[in-house]
Amino acid sequence: MRTITVKDALQEAIIEEMDRDENVFVMGEDIAEHGGIYGVTQGLLEKYGKERIRNTPISESALIGSALGAAITGMRPIAELMYIDFTAVAMDQIVNQAAKMRYMFGGKVDVPLVIRTQGGGGRGSAAQHSQSLEAWFMHVPGLKVVMPSTPYDAKGLLKTAIRDDNPVMFIEQKMAYSFKGEVPEEEYTIPFGKADIKREGTDVTLVANSYLLPRALEAAERMEKEEGISTEVIDPLTLVPFDEETIIKSVSKTGRLVVTHEAVKRGGFGAEIAAKIYESDAFYYLDAPLQRVAGLEVPTPYSAKLENFAMPDTDNIADAIKKACYVK
Amino acid sequence: MRTITVKDALQEAIIEEMDRDENVFVMGEDIAEHGGIYGVTQGLLEKYGKERIRNTPISESALIGSALGAAITGMRPIAELMYIDFTAVAMDQIVNQAAKMRYMFGGKVDVPLVIRTQGGGGRGSAAQHSQSLEAWFMHVPGLKVVMPSTPYDAKGLLKTAIRDDNPVMFIEQKMAYSFKGEVPEEEYTIPFGKADIKREGTDVTLVANSYLLPRALEAAERMEKEEGISTEVIDPLTLVPFDEETIIKSVSKTGRLVVTHEAVKRGGFGAEIAAKIYESDAFYYLDAPLQRVAGLEVPTPYSAKLENFAMPDTDNIADAIKKACYVK
Amino acid sequence: MDKSKDKLLEMYEKMKKIRLFEDNAIKLFNQGLVRGPMHVYTGEEAVAVGACSNLNDADYITSTHRGHGHCIAKGGKVDKMAAELLGRGTGYCKGKGGSMHIADPEIGILGANGIVAGGMGIAAGAGLSAKMRGTDQAAICFFGDGATNEGAFHEALNMAAIWDLPVVFVCENNLYGLTGPAEEMLSVKDVAARATSYDIPGVVVDGNDVLDVYEAVGEAVKRARQGGGPSLIEAKTYRLKGHFVGDPCVYRDDEEVEMWRKKEPIKRFKKHLIDNEGIDEEIIAEIDKNLEKELKAAVKFAKESPDPEIEVVFEDVFSD
Amino acid sequence: MDKSKDKLLEMYEKMKKIRLFEDNAIKLFNQGLVRGPMHVYTGEEAVAVGACSNLNDADYITSTHRGHGHCIAKGGKVDKMAAELLGRGTGYCKGKGGSMHIADPEIGILGANGIVAGGMGIAAGAGLSAKMRGTDQAAICFFGDGATNEGAFHEALNMAAIWDLPVVFVCENNLYGLTGPAEEMLSVKDVAARATSYDIPGVVVDGNDVLDVYEAVGEAVKRARQGGGPSLIEAKTYRLKGHFVGDPCVYRDDEEVEMWRKKEPIKRFKKHLIDNEGIDEEIIAEIDKNLEKELKAAVKFAKESPDPEIEVVFEDVFSD
Ligand SMILES: Cc1ncc(C[n+]2csc(CCOP(=O)(O)OP(=O)(O)O)c2C)c(N)n1
Ligand SMILES: Cc1ncc(C[n+]2csc(CCOP(=O)(O)OP(=O)(O)O)c2C)c(N)n1
Ligand SMILES: [Mg+2]
Ligand SMILES: [Mg+2]
């Protein structure tokens, strides 16, 4: 099968859905000539013109607000919010408006709105351009939250997001655009709410996604080789809806849970997954305390040395696997 | 000792600190003549004049931004954000600016900024005026997060917040302003990061704060009487900094944990507390799965019947205590 | 511009219907049947009715926390509205929205909004959608003087202006935000002056004169439908009641209220109809009577409607 | 208004220092020593220098993602700046901020800012603080044309206007946001026209003429210090480099860049100094030479400075 990048996979999804449905269009800052800050929409202006590949002013509240207004009146916008940090200037429109509208109106509207954004560290973008804020959105009823890692998942999930009649926060990672992987030529979509077991294992369950998934897999391989630990790696794919069942089943089998995410530990999605396990029947099978491998509780520092230290890496994950298995 | 309301206790704290330090001032929407939407600043205009009791336009981003600008240049503003739901229009200034400024600048500024706001349900204010969003702020390094329940705590913690050189999210609850309790005439402050054991017990640990604290205490009493269950009720007072020790110690003793909050369960602070226990040494003493008693995963509905159903109450908490203790 | 007697009477009827609806809403509130903050439109009826009289069902409006008037002006049904205020299952939102979230997207009512200026981007988006779909639909975006100090106001107007979106921004300048006087909180005397920032028409109208509003908004709607882009219309008006029901109104004095009560738009329009349009007082009395009946029935419907079933709480978070 | 030779030469020196700093910054970037997006100020030097020449150390500025120029103009040290770009422990922010967060509150530099329009409320607050403390400090708020479409712009200007805050809002209209042409994204030709919305002075100046900027901002600063409230000054200028270092600049053509290169502010000011102020070319050459040395030393300092200690990562989250 051919191998492409996450960036190209995302673009394919957009193209296929724009070709499929003329109401799908893209709007955002610098997405036209420039093709978006990470290049996902490069070349689309030439293909679809400036109406459907619509550059907006630097007005994130109006960007999301107008995408929402369009979504409830017959269009299916994909709004690109350049950095997830900038959701902070559009939060009202995402959280108070888009997420709640259907419910507040007693079910009277569909809101087919995709908000594509990207977060995370690794490029020295510093504190205002490196956050991982998925936990905010997970905490807001009415939003779906998607975080792909591989090109295959990115494409299949984005197509599903575009066809979904609800607001979807589609969260990419800036370092992950260049991730490569196999993607079939044939059309496919990936359902929301079904976790993907990326690696089977029996000793410990490791939940990872986005930029950290390959690191998690690497750590799992290494621990298999070095310590004979068999790690099951699960990518939830979507945080909302969340596939509890798969993770509960896995932990019931392994008795040990490691969760990793780039977001700071306190209040990150790892806490929610841990709580779900702790309150489930998997509790009765637990053999070891939880291990969380997450961002340090600091704003993202600029210096490479400090940023690398503040972000989880393969070593940290491997250590956590060992700790979870009581291996010193 | 005299008995006053939370509202009056908060006002006393503001008055005492304004008298103590001329750089302390209050700004916000409708806080002057009107005294704030829940009356906390009633009468202060007459006492301090319109410079120090400063009505702002309906411009929450500029409200927080200007408070921040004042805070780093010699003043100590208390900014009132009318509803916590409106943090969504000021999120950038809170999260990207105030929270991170000291760190980004390498420690070069103090940010003595208090953001007083209120959240929660119970009054039919519907989806855009009833949220409990403390988990968002807990997830942002650089912010302190305070949620008082009793008048005593409200006063002592607000005084501490005003004296703190860091941005503090001071989160009140709209139904809790009328809570009454004893407050000494003498001056006192309450330190951040020290949980308060509101009721001692041996069978189960119940973490509760804000509006739900009295409900938790009521449930604890009831379970003592009806089921002979001894519940230890802990109010963390501040979510950041968080007193892990007290809660870990309690759960290590009781082996059982119930957490309750108004915020929706997914991603609420209960998840973080659960994760802290699950990853601590208390793990080895756990006798039962976690019980979370939280808001339903829906936007807050308007109708009394639906809203009451969506919010946790004494019965729900009592049930959770029983469940945690395997009492049917 | 339709100024037939039928049209004028329809306008009168709508204004009066709003007034009666609010009178009843206040009564229901004072009976303890309405929860949360409720903001009534009493005294501002000419704005919503004058503006919406230029629209048809396919057009859009976005509304505010003070939304009952806009809803009725755009064709909303008072029985479902009353039921919503009472949180009943038969209400517009199944009792889940309440006063601040009444919506009827089928006739273009894209919702009241509890967030000041929260609907402005949405209105721009409805206009964008109309434009992209190639229809001649227009959108009216209602908001207050206070809302014009929100960033969302600025962003939406700029966006609508650069894309020539078919949106008419109608500011109800009733002199106050919640308690903040426009005089102190707004850095300009006329909100309409802010149109300069977007190079679009900015017009001041007498918001208590329904025909003045009707005409100015009519011009703007026509312009919008023809691809001429957005306009900003400032209707000078006054809310005769407090900001919310129960407001002690410490920030304004009785004389001011009295002064404005004299300029009250419904009596004024009625006088105009009789004096200048040769409409029989009895026809108006007949309309009033029918409205009284309609409102009575609406309140009865609301009161007799059951609370929503508990299961309803779980519905409508997502469409599936 | 001080137009002594010393003052003029000081202005020349600052402009040139900015230029040389940016040249070095680009070199360092291309050597792979600078991380993240870096935005240089090349071509816009006259704005920062003209504006800040009206301030003293006690006054405030807020800056942007394109902040190096503002920082130098307000008195920032190039060695600590260079070290910060390289993420070294000796940098302004101990290596924790990088290009977009350089700050020196001790001399009133309230920080570069990675959020477009993120500093505008902060500037208003600094002005409010000065006013409440009864000092005659002023604040200059820098921002771009793109930033004027953010809601935060609108809110801050309104607030500063109603409270007569001592803030001068200086818009660097360099014709583009990131890639979005002001022509398409802004609904007005002149940003200065937006002053109408706040009933404050709005002035257009030639942003490539340092004296023009100096004078207009000088007027505004004087007004501000005297309690006359804020002003909006639009400096028409151009960034000769891409938006960020590495920008392929697909959105503009070379002729445009060439055209603006001819209007480049430093050569122009140098010519003015020699032709009209009777300043010896050698004095300027001397300044240039010293600056070259200063920059060389700064880069050396930066390169030789150690990375921050790991413990530094945990510091400064909170003050205690
Ligand atoms: C973002 C936001 N800030 C504040 C409020 C609280 N609030 C509700 S209505 C209102 C006043 C609005 O004034 P205006 O826009 O003039 O409308 P009016 O009430 O006069 O019709 C305020 C401050 C809110 N709902 N949303
Ligand atoms: C809120 C926000 N939106 C978008 C961006 C991304 N961004 C960084 S600089 C920039 C362009 C700013 O244009 P302008 O204000 O004209 O300043 P210039 O770069 O031209 O100096 C954009 C869109 C951002 N940093 N913050
Ligand atoms: Mg008003
Ligand atoms: Mg620009």
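Located above this text is the structure these notes cover.
The following paragraphs examine the structure supplied in this document. (Residues numbered from 1 in each chain as written. Chains lettered and ligands numbered in written order. Predicted model: local features only at pLDDT ≥ 70, side-chain atom pairs only at ≥ 80, totals over all residues. Heavy atoms only, no water.)

**With respect to a nonpolar patch on the surface**
Right, on to step 1. On the surface, a nonpolar cluster with roughly 360 Å² of combined accessible area is contributed by Y284 and Y285 of chain A together with Y326 of chain B.
Right, on to step 2. Relative to the helices and strands, Y326 of chain B resides in the segment after α11 (314-324). (Patch = residues over 30% accessible without salt bridge, like charges linked within 9 Å, V, L, I, M, F, W, Y side chains within 5 Å. Areas by Shrake-Rupley, 256 points an atom, 1.4 Å probe, with all protein chains shown as cover. Salt bridge = Lys/Arg side-chain N within 4 Å of Asp/Glu carboxyl O. Helix = DSSP H or I, 4+ residues; strand = E, 2+ residues; numbered from the N terminus.)

**Notes on the sheet that holds strand β4 (residues 202-206) of chain D**
All names here are of chain D.
Right, on to step 1. The parallel open sheet is built from 5 strands, whose spatial order is β1-β2-β3-β5-β4. Two strands close off the open sheet at either side, each with one partner strand: β1 (60-62) and β4. Taken over all neighbouring pairs, the strand axes of this sheet differ in orientation by 20° on average, direction set aside.
Right, on to step 2. Where strand β2 (residues 139-144) and strand β3 (residues 167-173) come together, 6 bridges link them in parallel fashion. Looking across to β3, one finds that C141 is bridged to F169.
Right, on to step 3. Relative to the sheet, helix α2 (residues 45-52) contacts β1, β2, β3 and β5 (231-236), its axis offset from that of β2 by approximately 165°.
Right, on to step 4. Its contacts with the sheet put helix α6 (residues 151-162) on β2, β3 and β5, and the angle it makes with β3 is roughly 150°. (Pairing = 2+ DSSP bridges. Axes fitted to C-alpha atoms, helices over the stretch in contact; angles between N-to-C directions. Contact = heavy atoms within 4.5 Å.)

**Some thoughts on the site of ligand 2**
Right, on to step 1. Around ligand 2 lies a shell of 21 residues, among which E60 of chain A together with H65, R66, G114 and N174 of chain D are the nearest.
Right, on to step 2. In this structure, ligand 2 sits where chains A and D come together, each supplying nearby residues.
Right, on to step 3. Contact between ligand 2 and G114 of chain D: a nitrogen atom at 2.7 Å from a main-chain N or O atom of the residue.
Right, on to step 4. The separation between an oxygen atom of ligand 2 and a polar main-chain atom of Y176 of chain D is 3.0 Å. (Near = heavy atom within 4 Å. Polar contact = N/O pair within 3.5 Å; in protein donor to acceptor, adjacent residues only side chain to side chain.)

**Considering the coordination of the magnesium ion (ligand 3)**
Residue and element names in this part refer to chain C.
Right, on to step 1. Those protein atoms acting as donors to the magnesium ion (ligand 3) are D145 (OD), N174 (OD1) and Y176 (O), and they sit at 2.0 to 2.1 Å.
Right, on to step 2. Sequence spacing among the residues donating to the magnesium ion (ligand 3) works out to D-x28-N-x1-Y. Y176 matches N174 in its accessibility class, with the two residues each being buried. (Donors = N, O, S within 2.8 Å, 3.2 Å for Na, K, Ca; no water. Buried < 20%, exposed > 50% of the residue type's maximum accessible area, 1.4 Å probe, protein only.)

**So, the interface of chain D and chain A**
Right, on to step 1. At the interface, 39 residues of chain D touch 35 residues of chain A.
Right, on to step 2. Between chain D and chain A, the buried area comes to about 2900 Å², and carbon and sulfur atoms account for 64% of it.
Right, on to step 3. Taken together, chain D and chain A are joined by 2 salt bridges.
Right, on to step 4. With a shortest N-O distance of 4.0 Å, E184 of chain D and K50 of chain A are connected by a salt bridge.
Right, on to step 5. In this assembly, chain D and chain A are joined by 13 residue pairs in polar contact (both at pLDDT 80 or more).
Right, on to step 6. Its residues assigned to classes, the side of chain D that touches chain A shows 18 nonpolar, 13 polar and 8 charged. (Buried area = accessible area lost by both parts, 1.4 Å probe. Nonpolar A, V, L, I, M, F, W, Y, C, P; charged D, E, K, R; others polar.)

**Let's talk about the relation of the copies chain A and chain B**
Right, on to step 1. With an RMSD of 0.0 Å, the operation that places chain A on chain B is a rotation of 180° combined with a shift of 0.0 Å along the axis. In symmetry terms, the pair is related by a two-fold rotation axis.
Right, on to step 2. A share of 100% of the interface residues of chain A reappears at the interface of chain B, consistent with the copies meeting face to face through the same patch. (Least-squares fit on C-alpha atoms with pLDDT ≥ 70 in both.)

**Quick notes on the pairing of strand β5 (residues 114-119) of chain B**
Residue and element names in this part refer to chain B.
Right, on to step 1. With 6 of 6 residues buried, β5 lies mostly within the body of the structure.
Right, on to step 2. Where burial is concerned, the two faces of β5 agree: the one with V114, R116 and Q118 and the one with I115, T117 and G119 are both buried.
Right, on to step 3. Two strands pair when backbone bridges link them, and strand β4 (residues 76-81) and β5 are joined in this way by 4 bridges, in the parallel orientation. Across the sheet, A79 pairs through a bridge with I115, a residue of β5.

**Looking at the interface of chain A and chain B**
Right, on to step 1. Taken together, the contacts link 51 residues of chain A with 51 residues of chain B.
Right, on to step 2. For the chain A and chain B pair, buried surface summed over both sides reaches about 4700 Å², with 63% attributable to carbon and sulfur atoms.
Right, on to step 3. On the chain A side of the contact with chain B, H139, R266 and Y278 of chain A bury the most area, a combined 19% of that side's loss.
Right, on to step 4. Taken together, chain A and chain B are joined by 4 salt bridges.
Right, on to step 5. Between E272 of chain A and R292 of chain B there is a salt bridge, with its nearest N and O atoms 2.9 Å apart.
Right, on to step 6. Our count for the contact surface shared by chain A and chain B stands at 27 residue pairs in polar contact (both at pLDDT 80 or more).
Right, on to step 7. Elements that contribute at least two residues to the side of chain A that touches chain B include exactly α4 (91-104), α5 (134-138), β13 (257-264) and α9 (269-279) of chain A.

**What about the sheet that holds β13 of chain A?**
Residues and elements named next belong to chain A.
Right, on to step 1. Ordered in space as β9-β11-β10-β13-β14, the 5 strands form an open sheet in which the pairing is mixed. The sheet terminates laterally at β9 (196-199) and β14 (291-295), the two strands that pair on one side only. Each adjacent strand pair in this sheet contributes to an overall mean axis angle of 25°, direction not counted.
Right, on to step 2. The pairing of β13 with β14 spans 5 bridges and is classified as parallel. Bridge pairing in β14 places V264 opposite G295.

**What about the environment of G87 of chain C?**
Right, on to step 1. Its location among the elements puts G87 of chain C in the loop between α4 (78-85) and α5 (120-133).
Right, on to step 2. The spacing of G87 of chain C and P306 of chain C is 219 residues in sequence and 9.0 Å in space, taken between C-alpha atoms.
Right, on to step 3. Each residue touching G87 of chain C, except ones within four places of it in the same chain, is listed here: Y302 and S303 of chain B together with G95, D307 and P308 of chain C.

**A closer look at the nonpolar core**
Right, on to step 1. Judged by nonpolar contacts, the single largest core of 285 residues is most densely connected at I94 and F137 of chain A, I94 and F137 of chain B, F169 of chain C together with F169 of chain D.
Right, on to step 2. In contact with F137 of chain A, not counting residues within four places along its chain, are I84, T87, M91, I94, L143, V145 and M169 of chain A. (Core = buried A, V, L, I, M, F, W, Y, C linked by side-chain atoms within 4.5 Å.)

**Some thoughts on the site of ligand 1**
Right, on to step 1. Around ligand 1 sit 21 residues, and of these E60 of chain B together with H65, R66, G114 and N174 of chain C come closest.
Right, on to step 2. Contacts to ligand 1 include E60 of chain B, whose side-chain N or O atom sits 2.5 Å from a nitrogen atom.
Right, on to step 3. Across the complex, the protein chains shield 98% of the 580 Å² of accessible surface that ligand 1 would expose by itself.
Right, on to step 4. Split into classes, the residues belonging to the shell around ligand 1 amount to 8 nonpolar, 8 polar and 5 charged.

**Considering the pattern of salt bridges**
Pairing between side chains of opposite charge can happen when the charged atoms of each approach one another.
All names here are of chain C.
Right, on to step 1. By the definition in use, this model includes 97 salt bridges over all chains.
Right, on to step 2. Across the pair K94 and D316 runs a salt bridge, and its minimum N-O distance is 2.8 Å. Pair noted here: K94 is in the loop between α4 and α5 and D316 is in the segment after α11 (281-304), with a separation of 222 residues, a long-range link.
Right, on to step 3. Looking at K94, the relative accessible area reads 25%, which means it is partly exposed.
Right, on to step 4. Among the salt bridges present, the one from K96 reaches D316, with a minimum N-O distance of 3.0 Å.

**Some thoughts on unusual backbone geometry**
Right, on to step 1. The peptide bond linking V240 of chain A to P241 of chain A adopts the cis configuration, its omega dihedral lying at -5°.
Right, on to step 2. Examined against the element boundaries, P241 of chain A turns out to sit in the loop between β12 (238-240) and α8 (244-254).
Right, on to step 3. In the Ramachandran plot, D30 of chain B falls in the positive-phi region, its phi being about 60° despite a non-glycine side chain.
Right, on to step 4. Tracing the sequence through the fold places D30 of chain B in the loop between β2 (24-28) and α2 (44-52).
Right, on to step 5. Residues other than glycine seldom take positive phi values, yet D316 of chain C does so here, at roughly 75°.

**Thoughts on helix α6 (residues 151-163) of chain B**
Right, on to step 1. In this model α6 of chain B runs 19 Å from its N-terminal to its C-terminal C-alpha over 13 residues, within 8% of the 18 Å that 1.5 Å per residue would give.
Right, on to step 2. In terms of burial, α6 of chain B is largely enclosed, as 11 of its 13 residues are buried. (Expected span 1.5 Å × (residues − 1).)

**Points about the pairing of β2 of chain B**
Consecutive side chains of a regular strand alternate in pointing toward one face of the sheet and then the other.
Residues and elements named next belong to chain B.
Right, on to step 1. Counting buried positions along β2 gives 5 out of 5 residues, so the element sits mostly inside the fold.
Right, on to step 2. Side-chain alternation along β2 places V24, V26 and G28 on one buried face and F25 and M27 on a second face that is also buried.
Right, on to step 3. Bridge count for β2 against β4 is 5 bridges, and the pairing is parallel. Looking at the pairing, V24 lines up with R76 of β4.

**Looking at the environment of L178 of chain D**
Right, on to step 1. With respect to the helices and strands, the residue L178 of chain D is situated in the loop between β3 and α7 (182-185).
Right, on to step 2. The exposure class of L178 of chain D is buried, given its relative accessible area of 9%.
Right, on to step 3. Between the alpha carbons of L178 of chain D and H243 of chain D there is a distance of 5.8 Å; along the sequence they are 65 residues apart.
Right, on to step 4. Among residues more than four places away in sequence, those in contact with L178 of chain D are D30, I37 and M82 of chain A together with R239, H243, F244 and Y251 of chain D.

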